[in-house]
Amino acid sequence: MPSAIIQPTAAHTATVIFAHGLGDEGASWRAAISGDYDYRKPGELTIPARLPHVKWIFPDAPEQAVTANFGTEMPSWFDMSNLPLPPELYLSKVVDDDESVKNGVQIIDDLVQAEVKAGIPESRIVVGGFSQGGALALAAGLGGKDWRTKSSGDESKLAGVVVLSGWMPVRDKFKSRISPHAKSMPVLWGHGTADAVIYHKVGEISVELLQDQLGIVKHGAHDQLGAPGINFRSYERMGHASCKKEMDDLVTFLGSVVPQQQT
């Protein structure tokens, strides 16, 4: 699996695996995290400099036909029947192809296991993503063995999950496939209030379903980032994109769930 990578500049003690959105590539998010699309104030450190112990992996999704785009082949973690995704559509039908979501989860699992073999324990690995990649990260991070095509999933517990402008995929089956560790998993969920692709309300509904159906704790907007449960953060006037405040929240979250270790 081709991946863009940011190597740590201090002792490597944690890894973030971050999946891009539909039609994109890993290099785009490597550039964003590296500071190429710069949100920083003068003299402010880049995200990798603030988290020097973290290795970042930005995998490229496989090329596959996407029903929502008239069957056009493009980088995609799984097939989808519809886009944009407003709340009324999200609640009326399942837009995600179940089998291809499982295949996408397995890609993330394989990357996790490669890091484990390289010496980074699962408890020091975070999976995250943007848009379709965020939906994939949620399934990979909170899902158990029934989300997998070969790895079990039930025994492992990651350090955390990051969902940016995403949704709960295959919502009709998510509850039955949850990991035993889901309730204790720290999740950062960021979403722009002006998102016209994956509507902000879809993010809210997804979190409500996780809260009501699965008993996962939802924290308030001012609660500390990194506690077990979901911390849902809304970003005013932000569309289907990111912003400096969201990136700052990401750094705070990672600093909490995979803090730099003293050597």
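Up top is the structure.
The following paragraphs examine the structure supplied in this document. Residue numbers here run from 1 along each chain, matching the order of that chain's written sequence. Local features in this predicted model are restricted to residues whose pLDDT is 70 or higher, and side-chain atom pairs enter the listing and the counts only when it is 80 or higher, whereas totals over whole chains, interfaces and linings include all residues. Excluding hydrogens and water, the side-chain values take into account all heavy atoms of the structure.

1. Looking at unusual backbone geometry
And then number 1: Cis geometry marks the peptide bond from Leu83 to Pro84; its omega dihedral reads 0°.
And then number 2: Here a strand is any run of E in DSSP of at least two residues, a helix any run of H or I of at least four, and the numbering for each starts at the N terminus. The topology assignment puts Pro84 in the loop between β5 (72-75) and α3 (87-92).
And then number 3: Unusually for a residue other than glycine, Ser165 sits at a positive phi of about 55°.
And then number 4: The topology assignment puts Ser165 in the loop between β7 (160-164) and α6 (171-174).
And then number 5: Each residue is assigned to one of three classes by its accessible area relative to the maximum for its type, calculated with a 1.4 Å probe on protein chains only: buried under 20%, partly exposed between the two thresholds, exposed over 50%. Residue class for Ser165 comes out buried when judged on its relative accessible area of 0%.

2. Concerning the sheet that holds strand β2 (residues 14-19)
And then number 1: In space, the eight strands of this open sheet follow the order β1-β3-β2-β6-β7-β8-β10-β9, with mixed pairing throughout. The open sheet has two free edges, formed respectively by β1 (3-6) and β9 (218-219), since each of these has just one partner strand.
And then number 2: With respect to the sheet, helix α1 (residues 26-34) is in contact with β1, β2, β3 (54-59), β6 (125-130) and β7, its orientation differing from that of β1 by roughly 15°.
And then number 3: In what follows, residue pairs with any heavy atoms lying within 4.5 Å of each other are defined as contacts. To obtain an axis, a line is fitted to C-alpha atoms, over the contacting stretch when the element is a helix, and the angle between two such axes runs from 0 to 180 degrees between their N-to-C directions. Its contacts with the sheet place helix α5 (residues 132-142) against β2, β6, β7 and β8 (186-192), and it is angled at close to 150° to β6. When DSSP locates at least two bridges between a pair of strands, those strands are taken to pair.

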